[in-house]
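In case you want the letters, here they are:
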Amino acid sequence: MSKKIFLSGVQPSGKPHIGNYFGAMKQFVDLQNEYDGYAFIADYHALHSLRNPKEMNENIKSVLLDYLAIGLDPKKVTFFKQSDISEHTELAWIFDTITTMPFLMRAHAFKDAEAKNKEIDVGTFNYPVLMAADILLYGPDVVPVGADQKQHVEIARDIAEKFNHIYGETFKLPEPMILKNMAIVPGTDGRKMSKSYGNTIPLFAEYEEIKKAVMSIVTDSGEGIPKNVYAIHNLLRPATELDPIYKSKTGKYKELKELLIEDLEKFIAPLRERRKEFEKDIPKALAILKAGGEKAQKVASKKMEEVREKIGVKL
Ligand code: ADP
Ligand code: TRP
């Protein structure tokens, strides 16, 4: 029996942080032994916020190194870059023609963008349609993502259902896979940890960077327990271990932060070192991406052939 498939993507929009890791990327690693995986770099998705070509280029390589450093094994997971497989944008266009504007206007990301900026680009509006194409081309059983991406995977399911209804059974309906009990990781200012808020603890941070970030965590405490420090600490140690420590150090914020710094360093140091190793041989990393792209291309081409036939454009 063939293995189940997972697929997910990360935008090359900057340095990943521990929220990205615990919310989404860690799951890829956990799944790779049981599933056939696809982990791709969503560079066309990132275009809506990143218009500096040099930075785009650097960030793409950076995600590739991140994938390798967190322990994704290219023998088990196919790495590729979205822009290398033109079927993604081709299928997105076909999906555009069966997706209504009111349906996309209900998406959280659109509503948030609209609240902030009245002149939204069409790419931002269409973001979930491209994401549906990313997913459905490869027929994954599950799509591991952070909680804020759940709606996008549901939109992909809805688009697949609609296409299947109009043109006949073509796409497998994917399930979002979101870690249970995985609350949104708070940043140093107590809001959601996010690249766009500058409140992150980078996943590959140097010791000094970890120290600086942890020392800046806002300690609005409830009864002497600094809840943001605790929430981040809880990613590394279970409550059964943490609770007695936090109780015995009630009100001693500095000591608790120092302990968190040590625990973060223990967790981050090996990842950081692995990343530095991969960084020494960029051509090797790029060769992995190329080989993955060739494999993904075959799957995507085959599916697109089927789609072209179903919609009647193939002669
Ligand atoms: P950012 O907000 O930092 O730009 P992205 O939007 O690029 O992050 O998210 C990449 C992945 O990481 C998504 O699957 C998202 O759900 C997850 N993620 C991002 N921030 C957090 C967080 N603070 N806690 C948990 N998961 C997160
Ligand atoms: N939208 C995702 C994010 O911001 C990235 C992404 C693009 C993705 N296409 C995807 C994730 C397909 C999973 C599947 O994190």
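Residues numbered from 1 in each chain as written. Chains lettered and ligands numbered in written order. Predicted model: local features only at pLDDT ≥ 70, side-chain atom pairs only at ≥ 80, totals over all residues. Heavy atoms only, no water.

With five of five residues buried, strand 3 (residues 77-81) is to be regarded as a mostly interior element. Burial along strand 3 is two-sided: V77, F79 and K81 and T78 and F80, pointing in opposite directions, are all buried. (Buried < 20%, exposed > 50% of the residue type's maximum accessible area, 1.4 Å probe, protein only. Helix = DSSP H or I, 4+ residues; strand = E, 2+ residues; numbered from the N terminus.)

Let us now look at the site of ligand 1. The local shell around ligand 1 holds 16 residues, among which H17, D148, V185, S194 and K195 are the closest. In this structure, N20 approaches ligand 1 through a side-chain N or O atom, which is 3.1 Å from an oxygen atom. A distance of 2.9 Å is found between a nitrogen atom of ligand 1 and a backbone nitrogen or oxygen belonging to V185. Protein burial of ligand 1: of its 540 Å² of free accessible surface, 86% is covered by the chains. Looking at the shell around ligand 1 residue by residue, the class counts come to six nonpolar, seven polar and three charged. (Near = heavy atom within 4 Å. Polar contact = N/O pair within 3.5 Å; in protein donor to acceptor, adjacent residues only side chain to side chain. Areas by Shrake-Rupley, 256 points an atom, 1.4 Å probe, with all protein chains shown as cover. Nonpolar A, V, L, I, M, F, W, Y, C, P; charged D, E, K, R; others polar.)

Each assigned domain of the protein is listed here: domain 1 (5-182 + 282-311) and domain 2 (195-277). Spacing between the C-alpha centres of domain 1 and domain 2 amounts to 30 Å. Each partner contributes residues to the interface: domain 1 has 17 residues there, and domain 2 has 16 residues. Here domain 1 packs against domain 2, burying approximately 1400 Å² in sum over the two surfaces, 67% of which is carbon and sulfur. Seen at the junction of domain 1 and domain 2, the total is two salt bridges. The interface formed by domain 1 and domain 2 holds eight residue pairs in polar contact (both at pLDDT 80 or more) in total. Of all the secondary-structure elements, those providing two or more residues to the side of domain 1 that touches domain 2 are helix 1 (18-31) and helix 3 (53-69). With five residues, helix 3 is the largest single contributor of residues to the side of domain 1 that touches domain 2. The class makeup of the residues in the side of domain 1 that touches domain 2 is nine nonpolar, six polar and two charged. (Domains from an automatic or database assignment. Contact = heavy atoms within 4.5 Å. Buried area = accessible area lost by both parts, 1.4 Å probe. Salt bridge = Lys/Arg side-chain N within 4 Å of Asp/Glu carboxyl O.)

Burial within strand 2 (residues 35-41) is extensive, with six of its seven residues counted as buried. Direction of pairing for strand 1 (residues 4-10) relative to strand 2: parallel, over a ladder of seven bridges. Pairing of K4 across the sheet is with Y35, part of strand 2. Following the backbone out of strand 1, through helix 1 and into the adjacent parallel strand 2, one traces a crossover that is right-handed. Relative to strand 3, strand 2 runs parallel, the two sharing five bridges. Each bridged residue has a counterpart across the sheet, and for A39 the counterpart in strand 3 is F79. (Pairing = 2+ DSSP bridges. Right-handed = clockwise from strand over helix to strand, strands pointing away.)

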